[in-house]
Structure formats: C-alpha cells, structure tokens
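# Survey of secondary and tertiary structure
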Amino acid sequence: MSEGVLGEIIAGVRIDLEERRAGVSEADLRAALADVDPPRDPMPHFRAAGSSVIAEVKRRSPSKGALADIPDPAVLARAYARGGAGAISVLTEQRRFGGSLADLRAVRAAVDVPLLRKDFTVEPYQVLEARAAGADLVLLMCSALDDDSLRALYELTRELGMRALVEVHDETETERAVALGAELVGVNARNLKTLTVDGDTFARLAPGIPDDRVKVAESGIFGAADVARVVAEGARVVLVGEALVKDGDPESAVRSMTGVTQ
Ligand SMILES: O=P(O)(O)OC[C@@H](O)[C@@H](O)c1c[nH]c2ccccc12
C-alpha cells in the first residue's frame, strides 16, 4: 500500500516514534491525558455558512524543500487565529517537514482554536501523543493505513473526544473513508506517492462523498479564487499551508479565504 516516497516517510516516522516510546510509554501518555484541557470541536465552525480555513504551520516539504523560516510558530498561529482560522494544522513530522511536537505545544499555548496534529499517523501511540500535547484533531491518511488500522485509529480518536480528518486522494480511498463513516473527509490534491498536485482532484472525488460529511479541500490552494472554485464543488473547508507561510501578512491571507460562498 505505501510505496515510494510515502513508504520512505513512514519508515522514518516509525523509527522516530519508537525512539519517543522508549522515553514515554503509552501508559504514561494515557495518565497525562487527565491533565489536558478537553478537546475543542471544530465542527460548528466548519459547518457554518461560507468557507472555513485550516491554516497550516509548515516549514518545509519533500516536494518543495524549505518553504519559510518560522522562528516562532506561536507568532504565526496567533496571526492565523486573528484572521479567523477555523482550525490550525501543525505539521509535526520531523525528517521531511521539519516539524515537531514542540511546535504543536507552542501553538497550543498561544491560541484557543482547535488544533490538528498533522503527521503520518500509523499507531495509536501517535493519537495519544497528539491529545497529550493538546491536539483536537489528527490526520488519518487512507493511503498509509489498511482498513483495520484505519478503523482502530478512527475509533480511538472518537474515544478521546477528538475528530479525525480522514484523507483520500483517489476513488478507492474515498469509498473507504465514506464506508468508515468519516464525518470530515479531506481530499488531497497532492499525490503523496509522486508529490504532484492535480487541481481537478477535488472536483473528481467530491461527488463520491455524501453531503452530510464535511468536505475539506487540501493542497495547492493559493488564494480566494481557488477557494471559490472548491466551494462551488462542495468544499466547506480548505487546508492551506504554503500560501500562508509564505505570505508576509498571514492574518489577512486567512481572512481573504474565510467565509467565501458560491
Ligand atoms: O502547502 P499546501 O499545498 O497548501 O498543502 C497543505 C496540506 O494540504 C499538505 O501539507 C498536506 C496534505 N496532506 C498531507 C499529509 C502529510 C503531509 C502534508 C500534507
């Protein structure tokens, strides 16, 4: 299932994960959950009229290399929050995206908006870790998970009171996400096996997702015109990284993509 770049990324993710697990056990993480504020629910914002933005803290990517110098993710997150972001995504994968759980904690301390831990989630340990660091959502990628793992991780997020953004990039994955009952389905226009963006992906896959689910358009969105296009195709939410981290005024950039209607 995971071939090419995706397989390589996940191999690295597993190595880093085992290193962390050697320091903090799953039982330690579960115990730590008692001291964490309850999860914040992004769904009301996502379901309200007009587009909602998940604004991403993203330092680099395998396809583009370094995107932006982000000396303090808290500063960027505050700008996103002032701009009206419905949620903030923090990429925590270290090797290819330059992120960390420290970034997630820094953002959690700075803003009240719901937070997505954006990583290649393959083990329950990562979901517990996300919640312990104050995340409210996790990303579950169909391309990285078989049906049993997908279901087990989805159920764990619900058990913890979190939401899962279930990511798809083709028809088969879309059917799997829908069959799972995913309420938040992200269509990633970037194929993580080849790293290329296909702007027609959302329009192609969205009709396969029932309208009672919240449809999220991910990747390759650079401005209000792109948002208007995916909103017309059924998106309620857009997930934007590169365009926001590169913008000198991220607050206005988020605002310009928020509340866009057909
Ligand atoms: O920087 P962009 O093109 O706006 O994309 C953001 C987001 O969609 C992208 O970071 C992403 C979507 N799914 C992922 C899975 C893993 C890592 C990264 C991603």
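Residues numbered from 1 in each chain as written. Predicted model: local features only at pLDDT ≥ 70, side-chain atom pairs only at ≥ 80, totals over all residues. Heavy atoms only, no water.

Looking up the protein in an unreviewed UniProt entry gives the name Indole-3-glycerol phosphate synthase, with the organism given as Nocardioides terrae. Among the UniProt annotations of the protein, the heading Sequence similarities (unreviewed entry) holds the following wording: "Belongs to the TrpC family." (UniProt positions renumbered as here; feature names shortened; annotations may be inferred.)

### Details of the packing of aromatic side chains
Overall, the coordinates contain one aromatic pair when judged by the stated rule. Both rings, one in Phe-97 and one in Phe-120, keep their centres 5.8 Å apart while their planes meet at 35°; by these two values the pair is tilted. Within this pair, whereas Phe-97 is found in the loop between strand S4 (87-91) and helix H5 (101-110), its partner Phe-120 is found in the loop between strand S5 (115-118) and helix H6 (124-132), the two being separated by 23 residues in sequence. Judged by its relative accessible area of 4%, Phe-120 falls in the buried class. (Phe/Tyr/Trp six-rings, centres within 6.5 Å; stacked < 30°, edge-to-face > 60°. Helix = DSSP H or I, 4+ residues; strand = E, 2+ residues; numbered from the N terminus. Buried < 20%, exposed > 50% of the residue type's maximum accessible area, 1.4 Å probe, protein only.)

### Observations regarding the pairing of strand S8 (residues 184-188)
When you tally the buried positions in S8, you get five out of five residues, the bulk of the element. Of the two faces of S8, both are covered, the one formed by Leu-184, Gly-186 and Asn-188 as well as the one formed by Val-185 and Val-187. As defined by bridge partners, strand S7 (residues 163-168) adjoins S8 across three bridges and the pair is classed as parallel. Paired with Glu-167 across the bridge in S8 is Gly-186. As a crossover connection, the stretch from S7 through helix H8 (residues 171-180) into S8 is right-handed. (Pairing = 2+ DSSP bridges. Right-handed = clockwise from strand over helix to strand, strands pointing away.)

### Examining the nonpolar core
Counting 90 residues, the largest nonpolar core has Tyr-80, Ile-88, Phe-120, Val-166 and Leu-244 as the members making the most contacts within it. At six residues, helix H1 (residues 4-23) tops the list of elements feeding residues into this core. Contact partners of Tyr-80, with chain neighbours within four places excluded, come to Ala-55, Glu-56, Val-57, Ala-85, Ile-88, Leu-244, Val-245, Pro-250 and Val-254. (Core = buried A, V, L, I, M, F, W, Y, C linked by side-chain atoms within 4.5 Å. Contact = heavy atoms within 4.5 Å.)

### Observations regarding the site of the ligand
Not every one of the 18 residues close to the ligand is listed here, only the nearest: Glu-56, Lys-58, Glu-167, Ser-219 and Gly-241. Between the ligand and Asn-188, the relevant distance is 3.1 Å, taken from a nitrogen atom to a side-chain nitrogen or oxygen of the residue. Side-chain polar atom of Arg-190 to an oxygen atom of the ligand: 3.3 Å apart, as the coordinates give it. Notes on the ligand: free accessible area 430 Å², of which the protein chains cover 99%. Within the residue set of the shell around the ligand, elements represented by two or more residues are strand S6 (137-141) and strand S10 (237-240). (Near = heavy atom within 4 Å. Polar contact = N/O pair within 3.5 Å; in protein donor to acceptor, adjacent residues only side chain to side chain. Areas by Shrake-Rupley, 256 points an atom, 1.4 Å probe, with all protein chains shown as cover.)

### Some points on the pattern of salt bridges
Side chains that carry opposite charge are capable of pairing whenever their charged atoms lie near each other. Per the stated rule, a full pass over the model turns up 26 salt bridges. When the shortest N-O distance is used, the salt bridge between Asp-103 and Arg-59 registers 2.9 Å. Placement of Asp-103 in helix H5 and of Arg-59 in the loop between strand S1 (52-57) and strand S2 (60-61) is noted, with a sequence separation of 44 residues between them. Here the two residues Asp-103 and Arg-59 agree in accessibility, since each one is buried. Ionic pairing is found between Glu-242 and Lys-64, a salt bridge with its closest N-O pair at 2.9 Å. Of the two residues, Glu-242 is situated in helix H11 (residues 242-246) and Lys-64 in the loop between S2 and strand S3 (65-66); the sequence distance between them amounts to 178 residues. For Lys-64, a relative accessible area of 45% corresponds to the partly exposed category. If you follow the salt bridges from partner to partner, you end up with Arg-14, Glu-18, Arg-21, Glu-26 and Glu-123 in one network. (Salt bridge = Lys/Arg side-chain N within 4 Å of Asp/Glu carboxyl O.)

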